[in-house]
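# Architecture at a glance
Letter by letter, the chains look like this.
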Amino acid sequence: MSTISEKELSDYRSDAAAWFAENTNADPGFMLPLTFMEVGTDQQFNFLREWQHKVYEAGYLGAAWPKEYGGGGLDQKFQTIATEEMAKANGPIMLNAIGLNWAGPLILDMGTDEERKRYIKGILSAEDIWCQGFSEPENGSDLGNAQTKAVRDGDDWVLNGSKIWTTQGNYAKYMILLARTNPDAPNKYAGLSFFLSPMQVDGIETVPIRKLTGEYGFTQTFFTEARIPGDSLMGKEGEGWLVAMRTLEYERGVKGGQPGGYVMRASDPFEIVELARKATRGGKPALEDPVIKDQLIQLMIEARSLQLNSKRGHIQPLVQDKPASLALSSKLMATEFMRRLNEFAITLQGQRGAYYVGEPDAYDEGLWQRAYLNSFSATIGGGTSQIQRNIIGEHVLGLPKS
Amino acid sequence: MSKKATIGFSEEQAQLLEVATTFCRDKSPIEKVRSLLENERGYDDAIWTEMAELGWLAIAVPEEFGGIGLGVAEVVPVVEQMGRTMMAGPFVSTTLAAQAMLVGGTDEQKQKYLPDLCAGTKATLALSEPHGDWDLTHVECTAERLGDTLKLSGRKTFVENADTADLLLVSVSLEGAPALVVVERSVLPEGTLRREVVIDETRRSYQVTFDGVEVPASALLDPSKTTAALVHVDLCASLLLSAEMCGAAASCIDYTVDYLQTRKQFGKKIGSYQALKHPIVDAHVGYEQARSHLYCAAFNFTQQGEGEVATRIAKAQAGEALSYAADRAIQFHGGFGFTYDCDAQLYRRRSLWCENQFGDSAYQRAKLAELLL
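Because the structure is a prediction, the values reported are computed rather than measured.

### Some thoughts on the overall build of chain B
A tally of helices and strands in chain B yields twelve helices and eleven strands. Against the globule reference of 21 Å for 373 residues, chain B gives a C-alpha radius of gyration of 21 Å, in line with a compact fold. In terms of overall dimensions, chain B has a C-alpha envelope of 80 × 50 × 40 Å along the principal axes. Going through the 373 residues of chain B one by one, you find that 60% of them count as buried. A separation threshold of at least 6 residues defines the contact pool for chain B, and within that pool the share at least 24 residues apart is 76%. Computing the positive centroid from 35 side-chain charges and the negative centroid from 51, chain B places the two 8 Å apart.

Okay, here's the thing in C-alpha cells:
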C-alpha cells in the first residue's frame, strides 16, 4: 500500500547524498575504528558519538522508527537510501551499535510504551550508550548456561556474577542482560530472565580488556550485590531465553526495521587490488607473482559470492530445497572471508607485512594488520565459526547434534 | 568486474527447473546410471527421444530455425538437473554444436542443420587435440582446399558421443587460420573412431582421426565468424559444465549427508562428530556459492564482458565445490567409500572430467586475472 513516488525517493536520495558529502569526515587525524567493537579511546568515542548525534539530528538515523519515540516516522525505503548514501560517502560507523541494532528494535517490538518513551530517543541520539551482557567468562558460545544471578529483593533485583566481552561497557548507561532468576527451573533455559539494566549503579564495575591488537574496546563486567529497580525486567520472569533469541534476530533487522548506519566497515577486495598494485614482494610488484594473482582472484570471487548469495536468497525457486541455508550460512561466510582477506593483504606486502600500526613505512598505516587481528572478533563473537557450522549442519543439513 | 554483481531468474527458467527436476529424477535413478556404465552407447535413446519431444534441444535456438527462441540461460536449469542425477547422453554436446552452428554457420547451413538439431538429431564438437591446450584457437588439425572439397587431416580428442552423433563440428587450421567445418559422421571411414578410456565412466569419449577425410567446401562454416563461434562455444561449454557440476555437488552432498545421518560408529551417528560435520558444511557452503555464481553467469551470459567474467567464475567455483564435496564423500564413507559400489566414486570421477574440460579452476582464474587485474 506504499504510495511513495519515485520522485520522493530520488529527491530524498539527492538530499542525503549532499548532506553526507558535506558532513562526512572519515579522517579526523587519528585512526577510526572499523567496527563498533574497536572503540578503544575517549578520542574515538567522543568523535563517533558526535557523528552519530549529527546524523540523527539530520534525520538519517532512525528515519523509519516511530515519530512519537524520536524516530522519523518514514517508510523503511527512506532509511535504506540514507544508509546507502552514508556508505557511498564512506562515513564512519555508528557508535551505539548495541542500542541501535539489538536493544532498540527489541524495545520497539516487545517493550511497553513506557519503555519505548524512556529509551528509544537516547539510543538514536547516542545520548545513552548500550551494551550487551550475554557472554560469561566460563560460557562463551554457550549462552544458555549463563550463571549470573538476579534475585528479587523487595522491589529490586540484586545481581551477582560476571559478564565478558562487554563492548563499550565502560561507556554504557544501560545493558541488555541475560541473568538466571531461577536456578531450580526444570531446564537451564527456563530459569533465565531478561533485563534492561542500568550500568551506573553501585556494585557494577567494568574492567577494560586489552585485545590482541594492543587496543581496547571490550570490558569484563562484575556484579557484586548490585541493586537494580524492579522495572528493569523486560518481558516475563523466566522467559529471558526467548527474549534473548529474539534479540539476536534483530541484528539482521528482521523485525522493527533497521535504524540505519552500519556497525562494521568491511575491508573491500577492490582496495586490496589497489594494495596489490603498490605493494612489493621480494623486490617485485606483488601483482607479478602468479600465486598472489591466483589468490587475489579467488578472494574477489568470494566477495562476489556474498553479494550473489544474498540476491539469490530472494529467488524462491532457487532456494526452495533448503530455505534457511543462505541466511544461516551468511555469518560464517562473511566473517571467515574477511579474516582471510585481511590475512592475504598482509601476505601481499612481503617483508613490509611485518610492520604494524604506528610504523610510518607500513602500507596504509598498518590498517590491514590491525584489521586482520580484529577480524577474529567476528569469527568468534556472536557464536564462533565452529558453532555456526554446527548450526548449519544441524538445521540445514539435518545432521545429528554434536 | 562490476562492483555490484547481478542475478535474475526468468519465468521460463523456473518452469524448466521444475520440469527437469522431476524428469531427471524419474528417468535417471542411480541404478539406471550404473547400468549404463556397461552400455556401449552409454545412454538411453528412448529418454533422448523424450527430451527432444519436450523441446529441450530447441530451447536456445531462434524460432526462425525451428527453436523456441530462449537463451542458453534457460538451458542451465535443465543441465543442472541432469548433473544432479548424473544423467548421461548427448544433450550438452548437441546443444553446444547447435550454438556453434548458430553463431558460426552460414544462413544456408543454419537453415539446413538447426531445425534437425532442435528435433533430435545428435551432434558433437571435435575441438580438443592431443596437445591439450584449452585455447580453442590453438588448432593443429588442418584442412586443405582441393577444388570443391576440403581435405582434412589430424586427430581430435575428447569428442563426446562421436559414435552416435550424426554431425561433428570440427575445428581445423585452414590457410593458417582457425576454421570450423561440419562433418557428417556417415562420411567417416571405418576405423576413424577410437573410444578413449576416460575417468568418468558415464561418458563416451572418442578420438577421431580425420586423415584423408574429404568434405564438400559447403561444409565450411562462415570464416568471418569462426572466432566469435569459438569464443561462444568456449563460454557455453563452461557454463553448462558449471551447471552439471553444481547439480552433481548438490546430490553428492545429499548422498553423503544421508550416510552421516544413519551410519553409527562408537555408539553414535557419525554425523554428530564435528570432524565430519564441519567439512560437509564447508562443502555445502561452497556449493551454495557455486550455485549463486552459476545463475549469475546464466543471467549475465549475453552481456559483453560481464558474461565472460561471470562464466569463468562459475566454472572455477563449481569445479572447486564439486571436487571438494566428492573428495570428502569418499573419505567420509570410510572403507565403503573405497569401493566401486559406493556412489562417491561416480561423483569424484565425474568432477575430474568436468573440471578438466574447457579449462580447470586455476586456468579460469588465470583468464580472470587477465580480464580483471
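From this point, things continue past the structure.
### Details of the side chain of Ser329 of chain A
Counting through the fold element by element, Ser329 of chain A comes out in helix 9 (residues 325-348). When its relative accessible area of 0% is taken as the criterion, Ser329 of chain A is described as buried. Ignoring anything within four residues of it in the chain, the contact list for Ser329 of chain A reads Ile392 of chain A together with Val285 of chain B.

### Comments concerning the confidence of the model for chain B
Interpreting fine coordinate detail is not advised for predicted regions of low pLDDT. Looking at chain B as a whole, the pLDDT averages 97, with 99% of positions reaching at least 70. Confidence metrics for the complex model read pTM 0.92 and ipTM 0.93.

### A closer look at the packing of helix 4 (residues 97-110) of chain A against helix 5 (residues 113-125) of chain A
All names here are of chain A. Contact geometry for helix 4 and helix 5: axes closest at 10 Å, N-to-C directions at 155°. The angle between helix 4 and helix 5 falls in the class roughly antiparallel. For the crossing formed where helix 4 meets helix 5, the hand is left-handed. Mapping the contact onto sequence places Gly99, Leu100, Ala103, Gly104, Ile107, Leu108 and Asp109 in helix 4 and Glu115, Arg116, Tyr119, Ile120, Ile123 and Leu124 in helix 5. Across the contact of helix 4 with helix 5, the residue classes tally to eight nonpolar, two polar and three charged.

### Quick look at the pairing of strand 1 (residues 130-133) of chain A
In summary, the side chains of a regular strand alternate between the two faces of the sheet. Residues and elements named next belong to chain A. Where burial is concerned, the two faces of strand 1 agree: the one with Trp130 and Gln132 and the one with Cys131 and Gly133 are both buried. Sheet analysis places strand 1 next to strand 4 (residues 174-180), joined by four bridges and oriented parallel. From the neighbouring strand, Trp130 faces strand 4, where its bridge partner is Tyr174.

### Remarks on the environment of Arg277 of chain A
Note that Arg277 of chain A resides in helix 7 (residues 269-278). Sequence-distant contacts of Arg277 of chain A, defined by excluding residues within four places in its chain, comprise Leu287 of chain A together with Leu372 and Leu373 of chain B.

### Description of helix 9 of chain A
Residues and elements named next belong to chain A. End to end, helix 9 covers 33 Å across 24 residues, agreeing with the expected 34 Å (1.5 Å per residue, within 8%). Its axis deflected by about 30° at Lys331, helix 9 carries its strongest bend there. Positive backbone phi, at 60°, marks Gly350, one or two positions downstream of helix 9.

### Some remarks on the interface of chain A and chain B
Accessible area lost during the coming together of the parts is what is often quoted as the interface size. Taken together, the contacts link 43 residues of chain A with 45 residues of chain B. Overall, the association of chain A and chain B removes approximately 3900 Å² of surface from exposure, summing both partners, and the carbon and sulfur fraction of that is 63%. The interface formed by chain A and chain B includes seven salt bridges. Lys277 of chain B is the salt-bridge partner of Glu394 of chain A, the closest N and O atoms lying 2.6 Å from each other. If you look at where chain A meets chain B, you find 27 residue pairs in polar contact (both at pLDDT 80 or more). When contributions to the side of chain A that touches chain B are tallied by element, the ones reaching two or more residues are helix 7, helix 8 (290-312), helix 9 and helix 11 (385-396) of chain A.

### Regarding helix 3 (residues 76-88) of chain A
Residue and element names in this part refer to chain A. Compared with the 18 Å implied by 1.5 Å per residue over 13 residues, the 19 Å span of helix 3 between its first and last C-alpha is a close match. For helix 3, the set of buried residues is Phe78, Gln79, Ile81, Ala82, Thr83, Glu85 and Met86. Tucked inside the fold, the buried residues of helix 3 contact helix 1 (6-23) and helix 2 (42-57). Between the side-chain oxygen at the start of helix 3 and the backbone nitrogen of Lys77 there is a gap of 2.8 Å, and the oxygen is on Asp75. Of the residues one or two after helix 3, Asn90 is the one with positive phi, at around 60°.

### Topic: the nonpolar core
Of all hydrophobic cores here, the largest spans 136 residues; its most connected members are Met51, Trp56, Phe91, Leu125, Val183, Phe210 and Ile280 of chain B. With 21 residues, helix 7 (residues 226-262) of chain B is the single largest residue contributor to this core. Once residues lying within four places of it in the same chain are set aside, the contact partners of Ile280 of chain B are Leu397 and Leu399 of chain A together with Ile253, Thr256, Val257, Leu260 and Phe332 of chain B. Judged by nonpolar contacts, the second largest core, of 76 residues, contains Val55, Leu108, Tyr262 and Val263 of chain A.

### Notes on the packing of aromatic side chains
Residue and element names in this part refer to chain A. Per the stated rule, a full pass over the model turns up 23 aromatic pairs over all chains. Considering the side-chain rings of Phe36 and Trp102, the 6.1 Å spacing of their centres and the 50° angle between planes classify their relative orientation as tilted. Here the residue Phe36 occupies a position in the loop between helix 1 and helix 2, and Trp102 occupies one in helix 4, the gap between them amounting to 66 residues. Across the pair, exposure class does not vary: Phe36 and Trp102 are buried alike. A ring pair is formed by Tyr189 and Trp241, whose centres lie 4.6 Å apart and whose planes are at 50°; its orientation type is tilted. Of this pair, Tyr189 sits in the loop between strand 4 and strand 5 (192-198) while Trp241 sits in helix 6 (residues 240-250), placing them 52 residues apart in sequence. The side chain of Arg352 reaches across the aromatic face of Tyr363, ending 4.0 Å from its centre.

The rules we used
- Residues numbered from 1 in each chain as written.
- Chains lettered and ligands numbered in written order.
- Predicted model: local features only at pLDDT ≥ 70, side-chain atom pairs only at ≥ 80, totals over all residues.
- Heavy atoms only, no water.
- Helix = DSSP H or I, 4+ residues; strand = E, 2+ residues; numbered from the N terminus.
- Rg over C-alpha atoms; globule rule 2.2 N^0.38 Å.
- Buried < 20%, exposed > 50% of the residue type's maximum accessible area, 1.4 Å probe, protein only.
- Contact = heavy atoms within 4.5 Å.
- Lys, Arg positive; Asp, Glu negative; His and termini not counted.
- Charge placed at Lys NZ, Arg CZ, Asp CG, Glu CD.
- pLDDT = per-residue confidence, 0-100.
- Axes fitted to C-alpha atoms, helices over the stretch in contact; angles between N-to-C directions.
- Parallel < 35°, antiparallel > 145°, perpendicular 65-115°, else oblique.
- Left-handed = near helix turned anticlockwise from the far one by under 90°.
- Nonpolar A, V, L, I, M, F, W, Y, C, P; charged D, E, K, R; others polar.
- Pairing = 2+ DSSP bridges.
- Expected span 1.5 Å × (residues − 1).
- Bend = angle between axes of the 7 residues up to and from the residue.
- Buried area = accessible area lost by both parts, 1.4 Å probe.
- Salt bridge = Lys/Arg side-chain N within 4 Å of Asp/Glu carboxyl O.
- Polar contact = N/O pair within 3.5 Å; in protein donor to acceptor, adjacent residues only side chain to side chain.
- Core = buried A, V, L, I, M, F, W, Y, C linked by side-chain atoms within 4.5 Å.
- Phe/Tyr/Trp six-rings, centres within 6.5 Å; stacked < 30°, edge-to-face > 60°.
- Lys NZ or Arg CZ within 6 Å of the ring centre and 35° of its normal.

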